Amino acid sequence: MKRSLLSRSVRAVCSLSLAAAAVSTSPARAEDGATLDTVVVEGDRINVIPTEPLESVFGFGKSAVETPRSITTISNEMLNKVMITEIDDLVALTPGSFTQSFFGVAGSLDVRGTPGENYFRGVKRIDNPGNYPTPIGASDRIDVVRGPASPIYGPSKIGGYLNFVPKSARATSGSYLNEAQGEFGVTSGSWDKKIVHAEVGGPGELFGKPMGYYLYTEFENSGSYYDNTTTDQSIYQASFDVSVSDNVRLEFGGMYHDFRGNQVAGWNRLTQDLVDNGTYITGSPASLDTNGDGLLSDVESEAGNISYFIFGPTISDPAEISADLRDTRPNMALVNPGTARLNGNQVLVQEDDTLEDEVLTLYFDYIYDGGGIMKVTNKTFFESLDNNNENIYGFSQFADTWVVEDQLIFSFDLPATGPVKAGLQVSPSIRHQDFEHGDNFAYEYFDRRDLTQPGSPVDRRTMATRGQEIYSAHTTGSYTDYALAMMADVTFFEKLNFIGGVRYDYLDMESTQELDSIDDPDNPFDDPGTSADDTESATSFSGSLSYELPLGLRPYVTYAEQSTLILGQGGQIPKPTLAEGNAVADSKLKEFGIKSQMLDNRLYVAIDYFEQERVDYNAQDTVTNNTTEAKGYEFEARWVVNPFVTLTGAYTGLKVYNLGAEDAGTQFSFAGAADVPGVDPTLFLGGVLPSLVMVDGREASRKAGIPDEMFSLYGMFSFGGMLSGFTGTLGATHVASVWSGFSKTVKLPSYTLLNASVYYENQHWKLGLQGKNLTDERYFRSNFPDLFGSSVVLPELPRSVLVSASYKF
């Protein structure tokens, strides 16, 4: 029987208390370890000004203003104050981070208009475009790095990445506490939101050696605004920092995440009238369930003849299409059409839709620092993903993937030579990833279900993951990446700084398309029961120059060429991609910017202009790593006005182009009701319309779903006197209007979200009240704009409230 949230919470608190008692046998002393130097900013109570050294960009421990790259770092305190509860909320503080909907699952951030990657303590995790929602609340800090990763960290996507520093990383500070400290908290809110968390950290000994530890656990059992949607998840984190000797330190720990929920496709039968007024086309097509099992199989779909190909929204003849649909595709027509007003919670989800994930993440770091010019770090990382995803309208997927990586980093702090000071890193590494992935999308029908009615045999599909039909592609295989990287950090006359690096990768790859896959006769490489293997060399490099001017100004320029491995949603290399020689692709980045930290470090400002592009048209994954070009401006500011007022602001001006579509002159997409003007949509909503959208010129290749302008402004306030202990936040985020799909026939309106919160905190208690979308703005987020953006759209959440209470001990 499933344990209740309360019983799991009680067990968690007891477990953490026992663990604290077990390891807190003697207090560690401050001299047992060393801490990194940080700048203390007067009045900065929530770590708004990014002064602490960052290892997530280049590994040289530079602060954000010293780093010649566009980067945003967000502390756990800021995550709470600005009400960032999922990745999609990061746009409030982070320029260039607006993220399209991955069927309602916030797995990773879109950075500069392209899917980003997730890193854990500086090591790349298994790809998570939308397999499970990455837990934000379990983070002590998040670094959003725009542009490719350092050569030390491996082949990466050009857009950027998120580096998560887990709460358990507080073991570093825990080693200097005199006694264990911790917290227990509960959160409740709109739509039956229920979360509990417990954490404890402190000093101890391990085999007589001084150590610090930090343990964190979180449980959620929540409902949702959306129909037939729930979240049930558990998160466990632990980390330990052991001083083996004066020169050797061990850092090890891990995280386990168990998630149970579902994807949310949103509204189907998309029209401009539906977006503007909520007017929905009702009605159902005839049932094709000829064997009476209550499901629509692939065989029954083929026999029903419910697919019709068209050319774009302006090419085909409406009268000819209408006549042809009536004559040759009668099963695509709705038999009882009408209209109704649709609410935002009425979405394409059925009760047995499921998204299930188990993720295990482990790390073990050996650090030798003899106090001389050399420091040695060996980072060992392991992660496994077990994923199952079923959507009854016709998509199912599973993934069983694991990865192990070892990085050996030699860091040299070279003696100064006259006006020159230099640091050097040399890093051999090896990464092995093993994957098995299957998905079925060949008979995916968004529009057959009438959302005003429950699901029925008309629209309920058979699932490959339930053994009811074969997969579109079932892939097994692995790859091993042997690499050597070098980075240099050189400063001239204490003003001019150069950071550059190069990386060489040797990739050994193999992939098999299993027999239970659909045979595509149009692709000679898409053949079930066959394998492909290949070895490939890849080189990446980057170089940055910055100069420290008076008034704290620091202009910089960066150029990078980056290799990336094309992986699918489950971390797999598709066999046809490998057989065609398109598994590795190249990207380029140009970035110019200026940063400043002034007014006694109370004001941080950064502005940049960038151009980035993928240069391989054939090597791409439409879902996870599209071939695009992006250019734009980004601005970020943080100002601690005084001990009582802090302001933050962010702006993004962005244009993203689909280079593959521009090169081919067409873009494959699934047409929606608005894509065939002059044709009654009730003639085809019972099936699917695969289409080619014609692309004539650069502007026609602009990607949909990505706003060209976004800006946000937040104020954080601390009170004194009779209101001592109270803090508050008030902020707004504005997003420009966008086209929902590549065909550009349905436009989603611009919107402004107003959020506010108030907190009270004393020595032992912390109470909070948060409100999101206070004006109850009606807004939407595009779903896979290139493929499905004209068919489905996600109506976003209305006004919501969260109440939280924590006890600190």
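Before any of the text, the structure's been laid out above.
In this text, all values refer to a predicted model and were calculated from it rather than measured experimentally.

> What is the right way to look at the overall build of the chain in this model?
Counting its regular elements, the chain contains nine helices and 38 strands. The C-alpha radius of gyration computed for the chain amounts to 27 Å, which stays within 12% of the reference 28 Å derived for 809 residues, consistent with globular compactness. Buried residues in the chain amount to 57% of all 809 residues. By sequence separation, contacts in the chain at least 24 residues apart represent 71% of the contacts at least 6 residues apart. Within the structure as shown, the chain displays about 30,900 Å² of accessible surface, and the carbon and sulfur contribution to it stands at 56%. Charged side chains in the chain number 59 positive and 107 negative. The centres of these two groups are separated by 7 Å.

> What should I look at first to understand helix α7 (residues 318-328) in this one?
Residues separated by three or four positions in an α-helix point in the same direction, a consequence of the helix having 3.6 residues per turn. Regarding α7, the residues found buried are Ile321, Ser322 and Leu325. Taken around the axis of α7, the buried residues stretch over an arc of 100°, which confines them to a single face. Residues of α7 that are exposed and point more than 90 degrees away from the buried face comprise Ala319, Glu320 and Asp327. Against the buried residues of α7 lie β14 (310-311).

> So what exactly am I meant to see when it comes to empty space enclosed by the protein here?
Rolled over the atoms, a probe sized like a water molecule indicates the empty space that remains. Applying the stated criterion to the full structure yields 13 cavities of 30 Å³ or more. As a volume, the largest cavity reaches approximately 150 Å³. If you trace the largest cavity, you find 19 residues lining it, with Lys124, Pro155, Arg431, Tyr479 and Asp481 closest to the centre. Elements supplying a minimum of two residues to the lining of the largest cavity: β19 (420-440), β20 (473-492), β21 (496-513) and β23 (553-565). In terms of residue count, the dominant contributor to the lining of the largest cavity is β19 (three residues). Taken together, the residues of the lining of the largest cavity break down into seven nonpolar, four polar and eight charged.

> What should I look at first to understand the nonpolar core in this one?
If you look at soluble globular proteins, the nonpolar side chains tend to sit buried side by side. Residues Phe103, Trp267, Tyr393, Phe446 and Phe788 are the most contacted members of the largest nonpolar core, which totals 29 residues. Among the elements of the structure, α4 (272-277) and β37 (793-795) are those that each provide at least two residues to this core.

About the thresholds
Going along each chain's sequence as written, the residues are numbered from 1 onward. At least 70 in pLDDT is required for a residue's local features to be given in this predicted model, at least 80 for side-chain atom pairs to be given and counted, and no such filter applies to totals for whole chains, interfaces and linings, which use all residues. As a convention, hydrogens and water are excluded, and side-chain values are obtained from all of the structure's heavy atoms. Helix numbers and strand numbers start at the N terminus; a helix is a DSSP run of H or I with at least 4 residues, a strand a run of E with at least 2. Atoms counted for the radius of gyration: C-alpha only. Globule rule: 2.2 Å times the number of residues to the power 0.38. Here's how the labels work: a residue is buried when its accessible area is under 20% of the maximum for its type, exposed when over 50%, partly exposed in between, all with a 1.4 Å probe on protein chains only. Should any heavy atoms of two residues lie within 4.5 Å, those residues are considered in contact. For the area figures, the Shrake-Rupley method with a 1.4 Å probe applies, and any residue is considered shielded solely by the protein chains shown. Charge counting treats Lys and Arg as positive and Asp and Glu as negative, with His and both chain ends excluded. The location of each charge is read from NZ of Lys, CZ of Arg, CG of Asp or CD of Glu. It is the directions from the helix axis to the C-beta atoms whose arc is reported. Buriedness of a pocket was judged along seven lines, with at least five required to meet protein on both sides within 12 Å; pockets are open sets of points on a 1 Å grid over the protein atoms alone, cavities are sets where a 1.4 Å probe fits but cannot get out, and lining residues have an atom within 4 Å of a point. Grid points are joined across faces, edges and corners, and a volume is the space filled by probe spheres set on the points. Polar here means any residue other than Ala, Val, Leu, Ile, Met, Phe, Trp, Tyr, Cys and Pro, which are nonpolar, and Asp, Glu, Lys and Arg, which are charged; Gly is therefore polar. Definition of nonpolar core: a set of buried residues of the types Ala, Val, Leu, Ile, Met, Phe, Trp, Tyr and Cys, connected through side-chain atoms within 4.5 Å.

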